[in-house]
Every structure is written in C-alpha cells, then in structure tokens.
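Single-letter residue listing:
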Amino acid sequence: MKCRKCALKAAIHMPEHHLALCKEHYLDWIPEQTERFINKYDMFTRKERILVAVSGGKDSLSLWDVLWRLGYQADGLYISLGIDAGMHYSRQSQAFAERFAAQRNLNLIVVDFKETFGESIPDLSLRTHRGKGKPCAVCGISKRHIMNQAARDGGYQVLATGHNLDDEAATLFGNTLQWMGEQLLRQGPVLEAGSGLVRKVKPFCRFYERETAAYALLRGIDYVYDECPFAAGSKSIYYKNLLNRLEADRPGAKLTFYLSFLEARESGLFAAHTSRETVQLNTCPNCGQPTTNEGLCAFCRQVARVQV
Ligand code: AMP
Ligand code: FES
Ligand code: ZN
Ligand code: ZN
C-alpha cells in the first residue's frame, strides 16, 4: 500500500480513516490532528501552562512529545504508586518517564506516594479493602487526587491525560451498559474547571490505541510495554476486547460509537442530569480540595483509615 501524500511505501494503514501514510507523513499527521482536536474542543492555548500526567506508557509519552513539538508549555507529572509486582512496574515506568524528559530537557514533577503518604498504593489498599485483592479503586482515587493537587500547587491551568479512543470507548461502553447518566455527562475530551478542580483534557481521545503505539514506535519513543500487573482481568480490558471484535468486523465502529455519543450529548441527551457546575461541592478540611462529601474527601478518608 502507498502513502496517500507521497506515494512512498505506507508505514501504517488506517482503514477506519481510509488512509495510509509513510513514516514521515504519519509523524506529521498525528501532531496536525492533535492540534485540530485541541482547537475543536477548546482544550487550551499556547498561553496556558499544561501539566501532562505521564505513566511511562506509549499514550502519555507520545502526547507529551506532540505537545512539546507543537510548542505548548507542557510539563510532566509522574506519580510513583509503589507497585513492585510485574518486575517493579512503578520503578520501570518512572525510569522511562525520566529518560524521556531528560532527552528533551523537559520538566518532570515526580510525586512518590509512599514518601508523601507513608505507604505504597498496594499496601494502603490492603488495609482499606482488606480481602478485596485489587488496589485499582484506591489507585484511581489517589491518582485523580494527586493530579489535581499537583496542577493546583504548580499553578497549571490544565491537566492533560493520555487517554486514547480505545480507553474512552471502553469507559463509554461500561457506562452505557448501566446508563450511568452522571458519568456520561462528564465523559468527554474536556471537563471544565470548577470549584478547585482544574480543567481536564484528553487530546488523544480520538486516536486508536494502535495509532498512538505506531507514533511512539516510529518516533523512537521508549516506553514501558507492560501494563499495570493489576490490570489483568479488569472490566476495562474485557470491554476493549469486545469492542475490538466489533471493530474488526466494522472498521471505524469505535470512533463512530464515541463521536456519535459526543454529538448526542451536545444536542441535549443526558442534560437533565447534574453536572460539575450544579453539584454542591464542599471543601475537604484536611487537603483543601473539593469534595461532594461532608467532611473529609474520599482520598483523605482512605489515608486517614491507615493512619489511625
Ligand atoms: P490509565 O488509567 O492507566 O489507563 O491511564 C490513563 C492516563 O492517566 C494515562 O494516559 C496518563 O495520562 C495518566 N496516568 C496513569 N498512570 C499515571 C501515573 N502513575 N502518573 C501520572 N499519570 C498517570
Ligand atoms: Fe493503579 Fe494499576 S492499580 S495503575
Ligand atoms: Zn508519505
Ligand atoms: Zn482531602
């Protein structure tokens, strides 16, 4: 197959876009498309300071690379969760993030969970969800908390994550199976700032996972290949597999699912549900971050349970 732009041999074929591109044109195409999504969804401008949450994986490191190439003011944030399983998953991921930043002379903020809160995520999780086995729920709450805190402390207007289309379609699928109105209302490329929460954006939400993987590979970005060892058997992976089967039969199905959801929501579906603007938020007396709880926020409750 030949590149649509120069007729050289294509490095990637994207049947979902009826497009094939050579390496050089693919490496241009991803940043061009990213810029288009940033503008289309009003994510941020070159005047704003952006904190990119990087896990050491292909999506978030490629995102940071693209924003840097496009001339945005983007610093990185790596949260060390203290996951030792899977060949020291956290340590490995951190090394990839640090090497990436050093090679480009970029600023990476590292928050070490254990140093800051006294215990690693798996240990904290064992105490708070004893017997439940998986630390993913505790981890999710903690990451969101730390990301917002770090963005606020550092004076960043925007927090960017590397979620790709496969992530977004799987989340959407899960929320749709149970018609989770409030979650559906909040899911999208941008979640506006409000009451102490910084704006959250997902500039890669329209790229398939194989597209971000191809970008990392062709750009020569080294990233951690392994998934978090606790991810195996998760609902999200199950939904991704289902959607991959659908996509194999109908190229473009995932993108259509996601984009038609955004359109439907834009035209008022789910509008009766509450949004971030209308939810009553209180201030956590311990950390000062917004919470729907009265008293300590979900994160501080978690940590407090350990400290008593
Ligand atoms: P995940 O929830 O692991 O699929 O990750 C989704 C996004 O969250 C990634 O693309 C990153 O932007 C961010 N992220 C995940 N883990 C970390 C971490 N340890 N430190 C900073 N950001 C992270
Ligand atoms: Fe948090 Fe796996 S449990 S990344
Ligand atoms: Zn070409
Ligand atoms: Zn709190």
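Just so it is clear, the structure is predicted and the values come from calculations on it, not from any experiment. (Residues numbered from 1 in each chain as written. Chains lettered and ligands numbered in written order. Predicted model: local features only at pLDDT ≥ 70, side-chain atom pairs only at ≥ 80, totals over all residues. Heavy atoms only, no water.)

## Details of the coordination of the zinc ion (ligand 3)
At step 1: For the zinc ion (ligand 3), every protein donor is listed as Cys3 (SG), Cys6 (SG), Cys22 (SG) and His25 (ND1), and the spread of their distances is 2.1 to 2.3 Å.
At step 2: Each of the four donor atoms bound to the zinc ion (ligand 3) contributes to angles spanning 98 to 113 degrees, and the resulting shape is tetrahedral.
At step 3: The sequence pattern formed by the donor residues of the zinc ion (ligand 3) is C-x2-C-x15-C-x2-H. Each member of the pair, Cys22 as well as His25, carries the same accessibility label: buried. (Donors = N, O, S within 2.8 Å, 3.2 Å for Na, K, Ca; no water. Tetrahedral: all angles 85-135°; square planar, octahedral: opposite > 155°, others 65-115°. Buried < 20%, exposed > 50% of the residue type's maximum accessible area, 1.4 Å probe, protein only.)

## Quick notes on the packing of helix α7 (residues 165-177) against helix α10 (residues 235-249)
At step 1: In the contact formed by α7 and α10, the axes pass within 9 Å of each other and the chain directions differ by 105 degrees. Taken together, the axes of α7 and α10 lie roughly perpendicular to each other. Contacts between α7 and α10 involve Asp166, Asp167, Ala169, Ala170, Phe173, Gly174 and Leu177 from the first element and Ser236, Tyr239, Lys240, Leu242, Leu243 and Asn244 from the second. (Axes fitted to C-alpha atoms, helices over the stretch in contact; angles between N-to-C directions. Helix = DSSP H or I, 4+ residues; strand = E, 2+ residues; numbered from the N terminus. Parallel < 35°, antiparallel > 145°, perpendicular 65-115°, else oblique. Contact = heavy atoms within 4.5 Å.)

## A few points about the site of ligand 1
At step 1: The environment of ligand 1 is formed by 13 residues, the closest being Ala53, Val54, Leu77, Ile79 and Gly162.
At step 2: Note that an oxygen atom of ligand 1 is positioned 2.5 Å from one of the backbone N or O atoms of Ala53.
At step 3: Contacts to ligand 1 include Lys143, whose side-chain N or O atom sits 3.5 Å from a nitrogen atom.
At step 4: The protein chains hide 76% of the 480 Å² of surface that ligand 1 would expose on its own.
At step 5: Mapped by element, the contributors of at least two residues to the shell around ligand 1 are β4 (73-80) and α6 (136-153). (Near = heavy atom within 4 Å. Polar contact = N/O pair within 3.5 Å; in protein donor to acceptor, adjacent residues only side chain to side chain. Areas by Shrake-Rupley, 256 points an atom, 1.4 Å probe, with all protein chains shown as cover.)

## Regarding the pairing of strand β5 (residues 108-112)
For a regular strand, the rule is simple: side chains alternate between the two faces of the sheet.
At step 1: When β4 meets β5, the two strands line up parallel, connected through five bridges. What sits directly across from Ser80, in β5, is Asp112.
At step 2: Each parallel crossover has a hand, and the one from β4 via helix α3 (residues 85-104) to β5 is right-handed. (Pairing = 2+ DSSP bridges. Right-handed = clockwise from strand over helix to strand, strands pointing away.)

## Some points on the nonpolar core
At step 1: With 55 residues, the main nonpolar core has Tyr26, Phe44, Ile50, Trp64 and Leu67 as its most contacted residues.
At step 2: The element contributing the most residues to this core is helix α1 (residues 23-40), with six residues.
At step 3: Once residues within four sequence positions are removed from consideration, Ile50 is found in contact with Phe44, Leu67, Tyr72, Gln73, Ala74, Asp75, Tyr156, Val158 and Ala160.
At step 4: Membership of the second largest hydrophobic core comes to 26 residues, among which are Leu77, Ile83, Met147 and Cys297. (Core = buried A, V, L, I, M, F, W, Y, C linked by side-chain atoms within 4.5 Å.)

## Describing α10
At step 1: Taking 1.5 Å per residue as the helical rise, α10 with its 15 residues ought to reach 21 Å, and the 22 Å between its terminal C-alpha atoms agrees with that figure.
At step 2: Those residues of α10 lying buried are Tyr239, Lys240, Leu243 and Glu247. Taken end-on, α10 shows its buried residues confined to a sector of 105 degrees, consistent with a single buried face. Exposed residues on α10 whose side chains face more than 90 degrees from its buried face are Tyr238, Arg245, Ala248 and Asp249.
At step 3: Its buried side turned inward, α10 meets α7, α9 (209-219) and α11 (253-266). (Expected span 1.5 Å × (residues − 1). Arc of directions from axis to C-beta.)

## Focus: the coordination of the zinc ion (ligand 4)
At step 1: Coordination of the zinc ion (ligand 4) by the protein is provided by Cys284 (SG), Cys287 (SG), Cys297 (SG) and Cys300 (SG), with metal-donor distances spanning 2.3 to 2.4 Å.
At step 2: If you look at the zinc ion (ligand 4), its four donor atoms make angles of 104 to 115 degrees with each other, and the shape they trace is tetrahedral.
At step 3: Of note, the zinc ion (ligand 4) draws all its donor residues from one chain, in the sequence arrangement C-x2-C-x9-C-x2-C. A residue pair is termed long-range when its members are at least 10 positions apart, and Cys284 in the loop between β9 (282-283) and β10 (290-291) and Cys300 in helix α12 (residues 298-307) qualify at 16 residues. The residues Cys284 and Cys300 share a single accessibility class, namely buried.

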